[in-house]
Amino acid sequence: MVLGCSPCCSRTGYQQIGNTGPRFGVRHLQCILVFFGLAVAYSLRVNLSVAIVAMTDRNASNPDFPEFEWNESVKSYLLSSFFWGYVVTQVPGGYLSAIYGAKYMLFFGVLVCSCLALLTPFCAIAGGWKTVVVLRAIQGLCQGVIFPSTHTFLSKWAPTEERGRLVGYCYSGSQFGTVVMLSVSGYIASSSLGWPSIFYVPGCVGILWSGVWYFYCSSTPAQHPSITPAERRYIESSNQTRRPSDVGREMTPRPHTPWRRILTSGPFLVLVLAHCANNWGFWTLLTEIPTFMKSVLGMDIKSNGPLSALPYFAMILLTCVFIWLSDAMKQRGTVIPLGFSRKFFNTLGMWLPMLALIGLGYITEGESNVRLAISLLTTAVATNSATYLGFHVNHIDLSPNFAGTLMGITNCAANFMSILAPLIVGLIVWDETNPAQWRIVFFFTAFVYFMGNLLFMVFGRTGVQEWNTPTTRTPTATSTEEGEAFDGDRAPLIEA
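The notes below deal with the structure included here. (Residues numbered from 1 in each chain as written. Predicted model: local features only at pLDDT ≥ 70, side-chain atom pairs only at ≥ 80, totals over all residues. Heavy atoms only, no water.)

Examining the overall build of the protein chain
We count it as follows: What counts as a helix is a DSSP run of H or I of at least four residues, what counts as a strand is a run of E of at least two, and both are numbered from the N terminus. Each residue is placed in one exposure class: buried if its accessible area under a 1.4 Å probe, protein chains only, is under 20% of its type's maximum, exposed if it is over 50%, and partly exposed if it falls in between. Accessible surface area values rest on a Shrake-Rupley calculation with a 1.4 Å probe, where residue burial reflects the displayed protein chains alone.
Of regular secondary structure, the protein chain possesses 17 helices and zero strands. Looking at the protein chain residue by residue over its 496 residues, the buried ones come to 59%. A total of about 19,900 Å² of accessible surface is found on the protein chain, and carbon and sulfur atoms cover 66% of it.

Below, the structure written as structure tokens:
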């Protein structure tokens with residue numbers, strides 16, 4: 001149902017507060033730093049997966065550097081050890097970022113990971129693969145705080161109207177870092193710097209970023225020394241006079257975390273399931289499709305850095321397209337409910353990959369089919385970026401005060417799916433050259449995508465939950481849904 005605007009609302013459905021702040025201000029500079037911070041973090045995350053080829057094959061890199069005789073079992077330990085630590089600090093990362101400030105948690109996460117990256121070549125040469133496994137697990141522990149801390153940071157800095165836009169742009173930094181690392185690692189390894197430079201370059205960039213971040217960033221607008229009063233008022237008042245779904249974002253001291261109410265909240269549990277379904281499909285695509293293409297179609301895209309980076313590059317481009325689409329829908333003058341906006345983009349981000357997976361299930365051998373498979377893979381990964389405007393930003397919708405904690409919980413659960421999915425694929429596909437077995441994998445993953453988004457469409461909510469402010473009840477709040485203090489689904493907005 002399309003709702004009309006009240007006389008005090010603008011044509012986009014927002015109430016005016018007089019001064020909207022600068023079109024480009026301190027908040028945008030903060031988000032640019034977040035973009036590059038996530039780019040560095042993800043380059044540090046994927047550097048071993050691309051460096052391990054050069055480390056185990058002297059012909060693939062500068063032969064003047066040591067070569068390691070690591071079998072597939074050792075490689076599996078090395079590549080999976082990062083996630084052992086990564087899932088552990090998700091929830092603590094979100095919790096601590098709300099207490100000590102997202103600025104310091106992001107600074108800690110990137111700086112320590114960068115320093116550990118600089119130690120990786122030495123540990124590999126002097127200590128062997130087991131030392132690298134321990135180092136990568138510690139690196140995962142430190143990186144685990146970055147994602148939830150980013151959500152805490154954005155919940156403080158992103159004004160209501162710009163929330164989806166800024167979240168999308170910031171998180172596209174993770175794809176940017178992956179694209180750069182996959183594209184240039186082969187050239188770096190073959191240069192005079194050799195494979196150790198795959199760790200040294202992002203490590204040094206990460207340390208440089210940490211210094212810039214520490215001196216130019218603040219956890220909240222109120223703490224930033226250079227922000228103008230108009231921009232600060234614009235950001236901080238976005239929770240009070242613009243739409244009902246944001247009146248719960250408090251600038252007062254943070255209340256105690258209502259763990260029981262969070263973990264028993266229906267809208268939040270649906271968000272957990274949507275995040276898990278998304279990670280199951282996304283990581284199945286990225287980890288198993290290359291094996292399918294090599295075994296069934298006879299093409300090894302892992303050995304082709306630019307081709308491996310193509311899905312991520314397309315994801316960056318489509319992130320911008322989806323943000324533009326969101327803005328275009330808002331500017332048409334038709335007031336669109338926030339709930340419809342979130343579910344519309346989440347549907348694009350999960351059901352378009354679902355259709356691509358179904359198509360991959362019918363791919364057979366042939367040169368033309370190789371090109372089709374690459375197109376479907378790229379489409380599936382790239383269109384998933386629409387979820388940045390769907391369930392990703394929904395953490396902040398449900399609870400601006402505890403957005404980082406919510407992201408920590410859902411991302412922890414979702415990363416178990418990224419570990420479990422390849423194991424399930426291994427049980428189904430015992431003959432990697434059999435297209436029929438791969439078809440089962442693709443159809444099952446498509447079903448997971450379908451159910452995850454269906455649950456989000458039916459049971460997902462966008463209103464601020466009443467446990468967002470457990471110590472303060474707003475007198476004007478009306479409960480229209482169980483556990484929900486405000487009817488955010490009827491907020492007169494299409495999120496930018």
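Digging into empty space enclosed by the protein
To be explicit about the condition: Both cavities and pockets are sets of points on a 1 Å grid over the protein atoms alone; in a cavity a 1.4 Å probe fits but cannot get out, in a pocket the set is open with protein on both sides within 12 Å along at least five of seven lines, and lining residues sit with an atom within 4 Å of a point. Grid points are joined across faces, edges and corners, and a volume is the space filled by probe spheres set on the points. Under the scheme applied here, ten amino acids are nonpolar (Ala, Val, Leu, Ile, Met, Phe, Trp, Tyr, Cys and Pro), four are charged (Asp, Glu, Lys and Arg), and all others, including Gly, are polar.
One pass over the full model with this rule turns up five cavities of 30 Å³ or more. Empty space within the second largest cavity amounts to approximately 50 Å³. Lining the second largest cavity are W280, T284, A421, I424, V425, I428, V441, F444 and T445. Counting residues per element, the ones that place at least two in the lining of the second largest cavity are α11 (266-295), α16 (403-428) and α17 (435-459). Classifying every residue of the lining of the second largest cavity by side-chain character gives seven nonpolar, two polar and no charged.

A few points about helix α8 (residues 197-216)
In plain terms, the rule: Working rule for helices: expected span equals 1.5 Å times residues minus one. Working rule for contacts: check all heavy atoms of both residues, and any pair within 4.5 Å makes them a contact.
Helix length check: α8, at 20 residues, gives a terminal C-alpha distance of 28 Å against a target of 28 Å (1.5 Å per residue), a fit within 8%. Along α8, the residues classified as buried are S197, I198, F199, P202, G203, G206, W209, S210 and W213. Looking at the buried positions of α8, the neighbouring elements they touch are α1 (26-56), α4 (102-127), α6 (146-157) and α7 (163-190).

Observations concerning the packing of aromatic side chains
Condition: Ring pairs are drawn from Phe, Tyr and Trp, using the six-membered ring of Trp, whenever the two centres fall within 6.5 Å, and their geometry is named by plane angle: stacked under 30 degrees, edge-to-face over 60, tilted for the rest.
Throughout the structure, instances matching the rule amount to 31 aromatic pairs. Ring centres 6.3 Å apart and planes at 70° place the aromatic pair Y104 and Y214 in the edge-to-face group. One end of the pair, Y104, is in helix α4; the other, Y214, is in helix α8, and 110 residues separate them in sequence. Taking the relative accessible area as the measure of exposure, Y104 reaches 39% and is therefore partly exposed. Given the relative accessible area of 35%, Y214 is considered partly exposed. Ring plane angle 75° and centroid distance 6.5 Å describe the contact between F322 and F345, whose orientation is recorded as edge-to-face. Here F345 lies in helix α13 (residues 338-360) and F322 lies in helix α12 (residues 305-331), a separation of 23 residues in the sequence.

Some remarks on helix α15 (residues 391-398)
Most of α15 sits inside the fold, with eight of its eight residues counted as buried. Taken as a whole, α15 has its buried residues at F391, H392, V393, N394, H395, I396, D397 and L398. Buried residues along α15 sit against α6, α7, α11, α13, α16 and α17.

A closer look at the pattern of salt bridges
Side chains that differ in sign of charge can pair as their charged atoms come close. Going by this rule: One speaks of a salt bridge when a side-chain nitrogen belonging to Lys or Arg is within 4 Å of a carboxyl oxygen belonging to Asp or Glu.
Tallying each qualifying case throughout the model produces seven salt bridges. One salt bridge connects R27 with E162, and the closest N-O pair in it is separated by 2.9 Å. Placement of the pair is R27 in helix α1 and E162 in the loop between α6 and α7, with a sequence separation of 135 residues. For the pair shown, R27 and E162 are each scored as buried. When the shortest N-O distance is used, the salt bridge between R232 and E236 registers 2.9 Å. Residue R232 and its partner E236 are both found in helix α9 (residues 229-236); the two are separated by four residues, about one turn of the helix. Among the charged side chains, a network of salt bridges with common partners joins R27, E162 and E231.

Here's the deal with the nonpolar core
Here is the rule: Here the nonpolar core consists of buried residues drawn from Ala, Val, Leu, Ile, Met, Phe, Trp, Tyr and Cys, with membership extended through side-chain atoms lying within 4.5 Å. For the domain bounds, the source is a domain assignment made automatically or taken from a database.
Counting residues in each nonpolar core, the largest one holds 101 residues, and the members touching the most others are M55, F153, L285 and L360. Two domains share this core, each providing at least three of its residues, namely domain 1 (25-238) and domain 2 (261-465). Residue contacts for M55: discarding those within four places in its chain leaves L48, P66, E67, F68, W70, A124, W195 and F199. The next biggest cluster of nonpolar side chains, apart from the first, holds 13 residues, and it includes I262, F268, L271 and W467.

Describing the packing of α4 against α6
Our working rule: Axis angles are defined between N-to-C directions and span 0 to 180 degrees, where every axis is a line fitted to C-alpha atoms and, for a helix, only to the segment in contact. Throughout this description, any angle smaller than 35 degrees is read as roughly parallel, any larger than 145 degrees as roughly antiparallel, any in the 65 to 115 degree range as roughly perpendicular, and the remainder as oblique. In this scheme the handedness of a crossing depends on how the near helix is turned from the far one: anticlockwise by less than a right angle means left-handed, clockwise means right-handed.
Between α4 and α6, the shortest axis-to-axis distance is 9 Å and the interhelical angle comes to 155°. By the angle between their axes, α4 is roughly antiparallel relative to α6. In this structure, α4 crosses over α6, and the sense of that crossing is left-handed. Packed against α4, whose contacting residues are A102, M105, L106, G109 and V110, the element α6 presents I146, S149, T150, T152 and F153 at the interface. Per-class residue counts for the contact of α4 with α6 are six nonpolar, four polar and no charged.

Considering the environment of W157
With respect to the helices and strands, W157 occurs in helix α6. Along the backbone, W157 and C31 are 126 residues apart, and their C-alpha atoms lie at a distance of 8.5 Å. Beyond its immediate chain neighbours, meaning those up to four positions away, W157 contacts V26, R27, Q30, S218, S219, T220, P221, H224, I227 and I235.

Take it as geometry only, folks, not as evidence of what the structure does.
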